[in-house]
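# Inside the fold
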There are 2 protein chains.
Amino acid sequence: MTQTAFRSGCPINLGLEMFGDKWTLLIIRDMMFAGKRHFREFLASDEAISSNILSDRLAMLVGAGIVTRAGDPSHKLKAIYSLTEKGIDLLPIIAQISRWSRSYMPVDPVLAATGEARDKGGPGAIEAQMAELRRVHLGEG
Amino acid sequence: MTQTAFRSGCPINLGLEMFGDKWTLLIIRDMMFAGKRHFREFLASDEAISSNILSDRLAMLVGAGIVTRAGDPSHKLKAIYSLTEKGIDLLPIIAQISRWSRSYMPVDPVLAATGEARDKGGPGAIEAQMAELRRVHLGEG
DNA sequence: CGCAAGTGCTTGCATTTTGCAATCAATGGA
DNA sequence: TCCATTGATTGCAAAATGCAAGCACTTGCG
């Protein structure tokens, strides 16, 4: 079982097979907007992900090349999770989900603020945030 | 059980609670790109959704105001599903998922063509497609 | 009329995934 | 030594999914 077969080669379907669930993109969100990098930090989200699901999703994301896992030099038990370029490139999707929800769902105004600022910043705001993520997660140049 | 409680008021989370699964956006995709409007048409997708899941998702989408259901004048048993503005506004999300998958997943070139054309058409291409969906699904002007 | 094909589903049941609480071994700081 | 912290794992109940069949009804055709 090196590679599972996909239901179809449709781009939408392939994306959904990768992150089409209720948790995966929340982990990415926490890495992008909350600066979370450690297992226990992800566990502490508002949505209360369970540790077994988190463990499963992190392993999947690492296996898919969306996230990398490295040891923390300061603590041998500590793992640091970082976004890859493939992961950082999920930001436009997340930004669109945010935009849609802010139009049609009962969002918390406080939590919606960052998305509103991003929309107000125009197309350059997303690119700027991606550049910042590259700096933090892919190492400075 | 009129309204389930949400896990959090975060825009990303609320979006995922609505369509964060492996099937919902595929139904929307079929309405947007394949012109499907009938139950049996959705059943015939490449990904082979089962009828009970399809039934569940269509009811959810109607309940959420993303899709409407109407009887077909030509056939009393026939139901026509239409996108609402709320549903049509999912197109930018789907377009971004398509873009990401075409960059990082083994997409079928034939199925990727429409997404590539849309990207090549620039920002106006999405708006044009949304306008066309409004014409077909929300009634002509 | 009689009957097959087509309509949107529903029902049972096995399998898989999720949710939740408890637990674990290893580490580091005191 | 003592104990909180680390990234998980385990066991088990509940929910979701997948699959095959079936259902009530309508339409079209002879």
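Each value, and the rule that gives it
- Residues numbered from 1 in each chain as written.
- Chains lettered and ligands numbered in written order.
- Predicted model: local features only at pLDDT ≥ 70, side-chain atom pairs only at ≥ 80, totals over all residues.
- Heavy atoms only, no water.
- Helix = DSSP H or I, 4+ residues; strand = E, 2+ residues; numbered from the N terminus.
- Buried < 20%, exposed > 50% of the residue type's maximum accessible area, 1.4 Å probe, protein only.
- Contact = heavy atoms within 4.5 Å.
- Areas by Shrake-Rupley, 256 points an atom, 1.4 Å probe, with all protein chains shown as cover.
- Expected span 1.5 Å × (residues − 1).
- Polar contact = N/O pair within 3.5 Å; in protein donor to acceptor, adjacent residues only side chain to side chain.
- Salt bridge = Lys/Arg side-chain N within 4 Å of Asp/Glu carboxyl O.
- Core = buried A, V, L, I, M, F, W, Y, C linked by side-chain atoms within 4.5 Å.
- Least-squares fit on C-alpha atoms with pLDDT ≥ 70 in both.

## Section: the overall build of chain A
In terms of helices and strands, chain A carries 8 helices and 2 strands. Taken from the N to the C terminus, the helices and strands of chain A come in the order α-α-α-α-β-β-α-α-α-α. Counting over 141 residues, chain A shows a buried share of 48%. Taking the intrachain contacts of chain A between residues at least 6 apart in sequence as the baseline, contacts between residues at least 24 apart amount to 51%. Summed over all atoms, the accessible surface of chain A reaches about 7,000 Å², with 56% contributed by carbon and sulfur.

## Some remarks on helix H7 (residues 109-120) of chain B
Across its 12 residues, H7(B) extends 15 Å between first and last C-alpha, which sits within 8% of the 16 Å expected from 1.5 Å per residue. For H7(B), the elements touching its buried residues are helix H1 (11-19) of chain A together with helix H2 (24-33), helix H6 (91-104) and helix H8 (123-137) of chain B. Where H7(B) starts, the residue carrying a side-chain oxygen 2.8 Å from the main-chain nitrogen of B:Val110 turns out to be B:Asp108. Looking one or two residues past H7(B), B:Gly122 carries a phi angle of roughly 75 degrees, positive in sign.

## Concerning the side chain of A:Glu47
Residues and elements named next belong to chain A. If you trace the backbone, Glu47 turns up in the loop between helix H3 (39-43) and helix H4 (51-64). On the basis of relative accessible area, Glu47 is assigned to the buried category, the value being 6%. A polar contact of 2.8 Å, which involves the side chain of Glu47, links it to the side chain of Arg29.

## A look at the pattern of salt bridges
Going through the model one piece at a time under the given rule, you end up with 22 salt bridges over all chains. Across the pair A:Glu47 and A:Arg29 runs a salt bridge whose closest N-O atoms are separated by 2.8 Å. With A:Glu47 in the loop between H3 and H4 and A:Arg29 in helix H2 (residues 24-33), this pair connects stretches of sequence that are 18 residues apart. In this structure, A:Glu47 and A:Arg29 share a single accessibility class: buried. Put simply, B:Asp30 and B:Arg29 hold a salt bridge, and the shortest N to O gap is 3.1 Å.

## Thoughts on the nonpolar core
Core analysis: the biggest nonpolar cluster contains 72 residues, and A:Ile28, A:Ile66, A:Leu90, B:Ile28, B:Ile66 and B:Leu90 have the highest contact counts within it. Excluding anything up to four places from it in sequence, B:Ile66 contacts A:Trp100, B:Met18, B:Ile28, B:Leu61, B:Ser82, B:Leu83, B:Thr84, B:Lys86, B:Gly87 and B:Leu90.

## Some words on the relation of the copies chain A and chain B
Once chain A has been moved 0.0 Å along the axis and rotated by 180 degrees, it coincides with chain B to within an RMSD of 0.0 Å. Such values leave the two copies arranged in the relation of a two-fold axis. It is A:Asp21 whose C-alpha, among those of chain A, lies nearest the rotation axis, at 2.3 Å. Here 100% of the interface residues in chain A have copies in chain B that are interface residues too; the copies meet face to matching face.

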